[in-house]
Amino acid sequence: QLKNKLLESAKDIKLNLSTILTEEGSPGLNKNQIAGIALSSAYTIKNPSITESILSEVSGYLTEPEINAAKSAATIMAMNNIYYRFIHLASDKSFSTLPANLRMNVIGNPGINKVNFELNCLSVSAINGCGMCIDAHAHELTKAGVSKLAIQSSIRIAAVLNAAAVG
């Protein structure tokens, strides 16, 4: 459905969409991880057409907690990515010594498997361009035994969906 909405100028994105949302095209990830990453990315991109397409595609097998976790990842990272990107980019490094004073309880208790939530947060952080958050989530995933290939696959999903929104 989403591929049919893309212009001919987005032919590469159409082809990439055909592969990245499959286990063969996203090595290291299972079907539910791919769907959660795609949905988190769609919410982050804020394109209603992308979000509706992904939601209709995954709602048949993602559980309600998994759908909520995708929305939670997009929401909490919308805050964290701004805050920590500021901390990272500010010339005055004394800001990093101040307490954030921001509630982030969902990160510790997302309602789904922690690895899957971290994958969602990583893809959102990549879209939002927060290097500190990318490093933190990649570190947690690596520590949990997630392969570099799986981490790369999550970023490829986010990248292709972001390009689909432009296309």
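What counts and how
Residues numbered from 1 in each chain as written. Predicted model: local features only at pLDDT ≥ 70, side-chain atom pairs only at ≥ 80, totals over all residues. Heavy atoms only, no water. Helix = DSSP H or I, 4+ residues; strand = E, 2+ residues; numbered from the N terminus. Rg over C-alpha atoms; globule rule 2.2 N^0.38 Å. Buried < 20%, exposed > 50% of the residue type's maximum accessible area, 1.4 Å probe, protein only. Contact = heavy atoms within 4.5 Å. Areas by Shrake-Rupley, 256 points an atom, 1.4 Å probe, with all protein chains shown as cover. Lys, Arg positive; Asp, Glu negative; His and termini not counted. Charge placed at Lys NZ, Arg CZ, Asp CG, Glu CD. Axes fitted to C-alpha atoms, helices over the stretch in contact; angles between N-to-C directions. Parallel < 35°, antiparallel > 145°, perpendicular 65-115°, else oblique. Left-handed = near helix turned anticlockwise from the far one by under 90°. Nonpolar A, V, L, I, M, F, W, Y, C, P; charged D, E, K, R; others polar. Phe/Tyr/Trp six-rings, centres within 6.5 Å; stacked < 30°, edge-to-face > 60°. Patch = residues over 30% accessible without salt bridge, like charges linked within 9 Å, V, L, I, M, F, W, Y side chains within 5 Å. Salt bridge = Lys/Arg side-chain N within 4 Å of Asp/Glu carboxyl O. Core = buried A, V, L, I, M, F, W, Y, C linked by side-chain atoms within 4.5 Å.

**Here's the deal with the overall build of the protein chain**
Here's step 1: Across its full length, the protein chain carries nine helices and zero strands.
Here's step 2: What you see for the protein chain is a C-alpha radius of gyration of 16 Å, in line with the 15 Å of a compact globule of 167 residues.
Here's step 3: Taking the principal axes of the C-alpha coordinates as reference, the protein chain spans close to 50 × 30 × 25 Å.
Here's step 4: With 167 residues in all, the protein chain has 41% of them scored as buried.
Here's step 5: Within the protein chain, residue pairs in contact and separated by at least 24 positions form 68% of the contacts whose partners lie at least 6 positions apart.
Here's step 6: Total accessible area on the protein chain stands at roughly 8,700 Å², and carbon and sulfur atoms take up 56% of it.
Here's step 7: The distance from the centre of the 14 positive side-chain charges to the centre of the 12 negative ones in the protein chain is 4 Å.

**Some thoughts on the packing of helix H3 (residues 31-45) against helix H5 (residues 64-89)**
Here's step 1: Contact pair H3 / H5: the axes reach a minimum separation of 8 Å and the direction vectors enclose 45 degrees. The angle between the axes of H3 and H5 places the two elements in the oblique class. Crossing angle aside, the handedness with which H3 passes H5 is right-handed. Contacts between H3 and H5 involve Asn32, Gly36, Leu39, Ser40, Tyr43 and Thr44 from the former and Glu66, Ile67, Ala70, Lys71, Ala73 and Ala74 from the latter.
Here's step 2: Of the residues in the contact of H3 with H5, the class split is six nonpolar, four polar and two charged.

**Topic: the packing of aromatic side chains**
Here's step 1: Counted under the stated rule, the structure contains two aromatic pairs.
Here's step 2: Here tyrosine 83 and tyrosine 84 contribute two aromatic rings whose centre-to-centre distance is 5.0 Å and whose plane-to-plane angle is 90 degrees, an arrangement assigned as edge-to-face.
Here's step 3: Between phenylalanine 86 and phenylalanine 95, the ring centres sit 5.0 Å apart and the planes meet at 65 degrees, which makes this aromatic pair edge-to-face.

**Here we look at a nonpolar patch on the surface**
Here's step 1: On the surface, a nonpolar cluster with roughly 270 Å² of combined accessible area is contributed by Phe86, Phe95 and Leu98.
Here's step 2: When you line up the elements, phenylalanine 95 lands in the loop between H5 and helix H6 (105-108).
Here's step 3: Residue class for phenylalanine 95 comes out partly exposed when judged on its relative accessible area of 33%.

**Examining the nonpolar core**
Here's step 1: Formed by 41 residues in total, the largest nonpolar core has its most connected members in Leu17, Leu39, Ile54, Phe117, Ile157 and Leu161.
Here's step 2: Of all elements in the fold, only helix H2 (11-20), H3, helix H4 (48-58), H5, helix H7 (114-128) and helix H9 (148-166) reach the threshold of two or more residues within this core.
Here's step 3: The element contributing the most residues to this core is H3, with eight residues.
Here's step 4: In contact with isoleucine 54, not counting residues within four places along its chain, are Leu21, Ala38, Leu39, Ala42 and Leu161.

**Some thoughts on unusual backbone geometry**
With glycine set apart, most residues show a phi of negative sign, and most peptide bonds adopt trans.
Here's step 1: Not every positive phi belongs to a glycine, and lysine 46 is a case in point at roughly 65 degrees.
Here's step 2: Take lysine 46: it is sitting in the loop between H3 and H4.
Here's step 3: Under the relative-accessibility criterion, lysine 46 is labelled exposed at 70%.
Here's step 4: Its identity is not glycine, yet asparagine 101 carries a phi of approximately 50 degrees, on the positive side.
Here's step 5: Mapped onto the elements of the fold, asparagine 101 is located in the loop between H5 and H6.

Read these as geometric descriptors, not functional statements.
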